[in-house]
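# Report on the structure
For reference, the chains in residue letters:
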Amino acid sequence: MTELRKSCPPSFRTFGLAVQAMVVLAINGQSCPSCVLAERLHSEATLLRRIMGQLARAGLIETREGRDGGYRLLRQPETITLAEIYTALQITGELCRTMEEATGPHPFGVHMKEAFTDLLVELDQSMLAVMGRHTVAQYADKLRG
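First, a word on what this report is: a plain description of the structure on this page. (Residues numbered from 1 in each chain as written. Predicted model: local features only at pLDDT ≥ 70, side-chain atom pairs only at ≥ 80, totals over all residues. Heavy atoms only, no water.)

## Observations regarding the overall build of the protein chain
Helix and strand content of the protein chain: 8 helices and 2 strands. Overall, the protein chain shows an N-to-C arrangement of helices and strands of α-α-α-α-β-β-α-α-α-α. Across the 145 residues in the protein chain, those meeting the buried criterion constitute 39%. Relative to all contacts within the protein chain whose residues are 6 or more apart in sequence, the contacts with residues 24 or more apart total 69%. Taken as a whole, the protein chain presents about 8400 Å² of accessible surface, with 55% of it coming from carbon and sulfur. (Helix = DSSP H or I, 4+ residues; strand = E, 2+ residues; numbered from the N terminus. Buried < 20%, exposed > 50% of the residue type's maximum accessible area, 1.4 Å probe, protein only. Contact = heavy atoms within 4.5 Å. Areas by Shrake-Rupley, 256 points an atom, 1.4 Å probe, with all protein chains shown as cover.)

## Here's the deal with the environment of Arg49
If you trace the backbone, Arg49 turns up in helix H4 (residues 45–57). Expressed as a C-alpha distance, the spacing of Arg49 and Ser34, which sit 15 residues apart in the sequence, is 6.3 Å. The contact partners of Arg49, leaving out residues within four places of it in the chain, are Ser34 and Tyr71.

## Considering helix H7 (residues 107–131)
Residues lying three or four places apart along an α-helix face the same way, a consequence of the helix completing one turn every 3.6 residues. Between the first and last C-alpha of H7 there are 36 Å, a value that for 25 residues agrees with the 36 Å anticipated at 1.5 Å per step. Taken as a whole, H7 carries its principal kink of about 40° at Thr117. Taken as a whole, H7 has its buried residues at Gly109, Phe116, Leu120, Asp124 and Met131. (Expected span 1.5 Å × (residues − 1). Bend = angle between axes of the 7 residues up to and from the residue.)

Function cannot be inferred from these measures alone, as they are strictly geometric.
Here you go:
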């Protein structure tokens, strides 16, 4: 089990916060501390530090300690896709788990769970394909524009 799954359950909210934080970093263009991100996103600094830690481990951002510390993009925002952020947070399969939980342990539910398998794999793949066409820069540009 990954560190993020233990401390910050993967969810689409987590993904939304991660994308917003990456957009803030793209617009800011320099190091940005977690307290500034938290204030800008109206979120908890601790939660954002966990999210940003996962993005740092994926090589999307760097972290700096100390007085002038904070987070900074490691690549140009035009090259960072939403699919990379989604994958870094290990959210893949979230929809699958949710649909599987809805089926239940009864005989009909077990059969439906099996029937959902191909659909859920296809949905995950198509969602990543769509996210792969969107970059952090696109959203930063929308906010600047």
